[in-house]
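Chain residues, written in single-letter form:
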Amino acid sequence: MARKANLFEVAGGATSVTYATTGIAGRPSFHFRDADHDVNAEGTDIRTKKTELGTLVTIDLDVVADGPSTTATLVLPTVNLGDQTEQKLRTLVIITVTANTIGGPGLVVGQLQRYKSVTVRGTAKSVAF
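Residues numbered from 1 in each chain as written. Predicted model: local features only at pLDDT ≥ 70, side-chain atom pairs only at ≥ 80, totals over all residues. Heavy atoms only, no water.

*Asks:* I'm lost on the side chain of His31 in this one. Help?
*Replies:* Turning to its location among the elements, His31 is positioned in strand β3 (residues 29-33). With a relative accessible area of 19%, His31 lands in the buried category. Among the polar contacts listed, one links the side chain of His31 to the side chain of Asp38, at a separation of 2.6 Å. Sequence-distant contacts of His31, defined by excluding residues within four places in its chain, comprise Ser16, Val17, Thr18, Asp38, Val39 and Asn40. (Helix = DSSP H or I, 4+ residues; strand = E, 2+ residues; numbered from the N terminus. Buried < 20%, exposed > 50% of the residue type's maximum accessible area, 1.4 Å probe, protein only. Polar contact = N/O pair within 3.5 Å; in protein donor to acceptor, adjacent residues only side chain to side chain. Contact = heavy atoms within 4.5 Å.)

Put into structure tokens, the structure is as follows:
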């Protein structure tokens, strides 16, 4: 049976992401770092959505009630490891800044989301936790 990757470690420029689909505690973990953030998330603080692009794995970086909120999304392609324990990986991390006001995003005029994409490279691995 082919191995399934459960640990993804990627970096590009000042941005690095480590994402484990499960861990010692049996919960997923996500660590994001760039020039402005150093954020760890676990369990339900990590949102995943399967799409045609792959699995989008998102965490909150900054949540501001009366201002912009920032998220980081790792675009995670399907990686078949075959009989290997590791494969190279090249993908994107998308930083999204969403405008908001105390009255809600409906009061913001114009484009609500701004995006910055970072090309990252690294590995997809199968590890025993």
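*Asks:* Quick question: what am I supposed to make of the sheet that holds strand β5 (residues 47-51) here?
*Replies:* The strand order across the open sheet formed by nine strands is β4-β3-β2-β1-β9-β8-β7-β6-β5, and the pairing between neighbours is antiparallel. Strands at the two margins of the open sheet, each flanked by one partner only, are β4 (38-42) and β5. Averaged over all pairs of adjacent strands, the angle between their axes in this sheet comes to 20 degrees, without regard to strand direction. Strand direction decides the pairing type here: β5 and strand β6 (residues 54-62), joined by five bridges, are antiparallel. The residue bridging Thr48 from the neighbouring strand is Val57, located in β6. (Pairing = 2+ DSSP bridges. Axes fitted to C-alpha atoms, helices over the stretch in contact; angles between N-to-C directions.)

*Asks:* So what exactly am I meant to see when it comes to the packing of aromatic side chains here?
*Replies:* In this description, an aromatic ring pair is defined by two values, namely the gap between the centres and the angle between the planes. Applying the stated criterion across every chain yields a total of two aromatic pairs. Ring geometry for Phe8 and Tyr19: centres 6.1 Å apart, planes at 20 degrees, overall stacked. One end of the pair, Phe8, is in strand β1 (residues 7-12); the other, Tyr19, is in strand β2 (residues 15-20), and 11 residues separate them in sequence. For Phe8, a relative accessible area of 5% gives the class buried. Under the relative-accessibility criterion, Tyr19 is labelled buried at 6%. Ring geometry for Tyr19 against Phe30: centres 5.9 Å apart, planes inclined by 50 degrees, an arrangement best described as tilted. (Phe/Tyr/Trp six-rings, centres within 6.5 Å; stacked < 30°, edge-to-face > 60°.)

*Asks:* How should I be thinking about the nonpolar core in this particular structure?
*Replies:* The tendency in soluble globular proteins is for nonpolar side chains to be buried as a group. By size, the foremost hydrophobic cluster in this structure holds 24 residues, and its most contacted members are Val17, Tyr19, Phe30, Phe32, Ile59 and Leu74. For this core, the secondary-structure elements that each account for two or more residues are β1, β2, β3, β4, β6, β7 (69-76), β8 (86-98) and β9 (113-125). Among all residues touching Phe30, those that are not within four sequence positions of it are Val17, Thr18, Tyr19, Val39, Asn40, Ala41, Ile46, Val57, Ile59 and Leu74. (Core = buried A, V, L, I, M, F, W, Y, C linked by side-chain atoms within 4.5 Å.)

*Asks:* Is there a simple way to explain the pairing of β8 in this structure?
*Replies:* Two faces belong to every sheet, and in a regular strand the side chains alternate between them. The sheet contact formed by β7 and β8 spans seven bridges and is antiparallel. Across the sheet, the residue bridging to Leu74 is Val93, located in β8. Note: β8 against β9, 13 bridges, orientation antiparallel. Counterpart to Val93 in the pairing with β9 is Val118.

*Asks:* What is the right way to look at the pattern of salt bridges in this model?
*Replies:* Charged atoms that come close allow side chains of opposite charge to pair. The final tally for this structure, using the stated rule, is three salt bridges. A salt bridge links Lys125 to Glu9, with the nearest nitrogen and oxygen atoms 3.0 Å apart. Placement of the pair is Lys125 in strand β9 and Glu9 in strand β1, with a sequence separation of 116 residues. Of the charged contacts, one joins Arg47 and Asp60 as a salt bridge, the two residues approaching to 3.1 Å between their closest N and O atoms. Taken as a pair, Arg47 in strand β5 and Asp60 in strand β6 lie far apart in primary sequence, 13 residues in all. Residue classification places Asp60 among the partly exposed residues on the basis of a relative accessible area of 36%. (Salt bridge = Lys/Arg side-chain N within 4 Å of Asp/Glu carboxyl O.)

Just geometry here; none of it tells us what the structure is for.
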